[in-house]
Amino acid sequence: MNHYLRRSKGVSTRSSSNLWTHFSAMQSAKIFSGTGSQQLAEQICQRYGTRLGKVNIQRFSDGEICPVFLESVRGDYVFLVQSTFSPAENLMELLLMIDAARRASAYKVIAVIPYYGYARQDRKDKPRVAIGSKLIANMLVSAGADRVITMDLHAPQIQGYFDIPVDHLDSHAVFIPYIENLRLENLTFAAPDVGATNRIREIASYFNAEMVICDKHRKRANEIASMVVIGDVTDRDVVIIDDICDTGGTLAKSAGLLKEKGAKTVRALITHPVLSGKAYENIENSVLEELVVCDTIPVKQESSNKIKVLSVAELFAVAIRNAFENKSITSLFIHSQRKDDSKRNRGLE
């Protein structure tokens with residue numbers, strides 16, 4: 001490219017370099033939001049130190065979606081914040097915004113998806129079913145996304161479905177300070193199923209605490225046939241950690257079983273509050289001390305007694321800044337914090 005500039009315009013190597021430096025300096029990060037994540041996007045912008053970009057999500061009388069950017073994005077890093085929870089229009093909005101930004105000559109288009117919907121359809125576990133999470137990944141890449149920033153995928157290997165970089169953030173960075181402030185005397189972590197053991201093992205190791213497993217067997221989606229607790233919870237303060245709370249039935253049953261097995265208190269920390277069907281009723285009537293969730297999905301109705309919301313805006317703001325400045329996001333993860341603590345203990349820092 002430098003050779004072409006010298007040849008066509010007769011500029012020197014130095015002036016060509018200065019030209020590209022000037023171009024780089026002109027690039028900026030602009031954050032926009034779909035209708036599903038407006039509140040979270042505004043909080044991300046506050047912590048980032050910028051304003052939320054102007055975009056108009058038009059809808060025709062038949063419901064057809066047509067997003068229009070109301071400011072130039074030419075040559076900019078465009079971050080589009082939208083969780084793809086139900087209804088499906090949230091996903092369609094995101095795809096159309098990606099396409100619009102690409103056609104408006106954005107330099108990079110980054111899809112910021114706090115909650116990645118369809119992630120539970122991550123494999124062909126029965127005949128004649130779709131692998132929804134792979135299909136969504138294909139759609140995002142085809143629409144023109146250059147990168148994806150998301151949090152707590154239902155299955156971490158979904159990152160491999162993408163042919164573009166994926167920054168997979170961890171809600172433990174938000175949950176750990178909250179748990180520390182609880183100052184529980186006999187802390188024990190519970191995995192809601194066998195598949196969650198790796199996630200729970202990491203945070204249990206951070207606190208040097210015990211962990212147990214609630215092994216469940218389902219007849220069909222959202223319906224449990226049986227459940228057993230593997231481990232001792234007698235007189236323990238149990239914290240259940242999971243990525244999704246849908247109907248709340250599994251969570252309520254797990255909490256009840258843990259109490260029957262002798263747990264002193266049971267609370268749950270869940271990343272994505274899908275909370276569909278009778279979820280609010282199930283949570284309110286359960287033995288849970290509290291349900292702590294992140295704001296990756298807006299909570300429709302907060303229970304004054306049970307549901308508490310922690311914001312992930314700061315975490316995403318840091319991730320967005322580091323992506324824009326080409327910096328590492330490793331410091332946002334537990335294993336990095338443990339390493340830093342270890343270095344300090346050995347006097348290396």
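You'll find the structure just up there.
Residues numbered from 1 in each chain as written. Predicted model: local features only at pLDDT ≥ 70, side-chain atom pairs only at ≥ 80, totals over all residues. Heavy atoms only, no water.

Peer 1: I would appreciate a short explanation of the overall build of the protein in the present structure.
Peer 2: When helices and strands are tallied, the protein shows 11 helices and 14 strands. Each of the 349 residues in the protein was classed as buried or not, and the buried ones make up 49%. For the protein, the proportion of contacts with a sequence separation of at least 24, taken over those separated by at least 6, is 60%. (Helix = DSSP H or I, 4+ residues; strand = E, 2+ residues; numbered from the N terminus. Buried < 20%, exposed > 50% of the residue type's maximum accessible area, 1.4 Å probe, protein only. Contact = heavy atoms within 4.5 Å.)

Peer 1: Help me understand the pairing of strand 2 (residues 55-59) in this model?
Peer 2: Residues in a regular strand project their side chains so that they alternate between the two faces of the sheet. Note that strand 2 and strand 3 (residues 65-69) share 5 bridges and pair antiparallel. Across the sheet, residue Gln58 finds its bridge partner in strand 3, namely Cys66. Linking two consecutive strands that pair antiparallel, namely strand 2 and strand 3, is a turn of 5 residues; a positive phi of about 95 degrees is found at Gly63 within it. (Pairing = 2+ DSSP bridges.)

Peer 1: Got a minute to help me understand the nonpolar core in this structure?
Peer 2: Counting 47 residues, the largest nonpolar core has Ile31, Ile44, Phe79, Ile149, Leu169 and Phe189 as the members making the most contacts within it. Residue contributions to this core peak at 7 residues, all from helix 10 (residues 313-324). Leave out the neighbours within four places in its chain, and Ile31 touches Ile44, Cys45, Tyr48, Thr50, Arg51, Leu52, Gly53, Phe79, Val81 and Ile320. (Core = buried A, V, L, I, M, F, W, Y, C linked by side-chain atoms within 4.5 Å.)

Peer 1: Whenever I open this one, helix 10 confuses me. Can you help?
Peer 2: Count 3.6 residues to each turn of an α-helix, and residues three or four apart come out pointing the same way. The end-to-end C-alpha distance of helix 10, which contains 12 residues, comes to 16 Å, matching closely the 16 Å that a straight helix rising 1.5 Å per residue would cover. Considered for burial, the residues of helix 10 that qualify are Ala313, Leu315, Phe316, Ala317, Ala319, Ile320, Asn322 and Ala323. Among the residues trailing helix 10, Asn326 stands out with phi positive, at a value near 55 degrees. (Expected span 1.5 Å × (residues − 1).)

Peer 1: Please clarify how the sheet that holds strand 1 (residues 29-33) should be interpreted in this entry.
Peer 2: Two strands in a sheet stick together by hydrogen bonds in their backbones, pointing the same way (parallel) or opposite ways (antiparallel). The strand order across the open sheet formed by 5 strands is 1-4-5-6-7, and the pairing between neighbours is parallel. One side of each edge strand has no neighbouring strand; the edge strands of this open sheet are strand 1 and strand 7 (166-169). On average, each strand axis in the sheet is tilted by 20 degrees relative to the strand beside it, whichever way the strands run. Inspection of the sheet shows strand 6 (residues 147-151) paired to strand 7 by 4 bridges, in the parallel sense. Among the inter-strand pairings, Thr150 is bridged to a residue of strand 7, identified as His168. (Axes fitted to C-alpha atoms, helices over the stretch in contact; angles between N-to-C directions.)

Peer 1: Would you mind showing me how to read the pattern of salt bridges here?
Peer 2: A side chain with one charge can pair with a side chain of the opposite charge if their charged atoms come near. Under the definition given, this model contains 16 salt bridges. The salt bridge involving Arg102 is made with Asp146; its shortest N-O contact spans 2.4 Å. Here the residue Arg102 occupies a position in helix 4 (residues 89-103), and Asp146 occupies one in the loop between helix 5 (132-143) and strand 6, the gap between them amounting to 44 residues. Accessibility expressed as a relative area gives 24% for Asp146, which makes it partly exposed. (Salt bridge = Lys/Arg side-chain N within 4 Å of Asp/Glu carboxyl O.)

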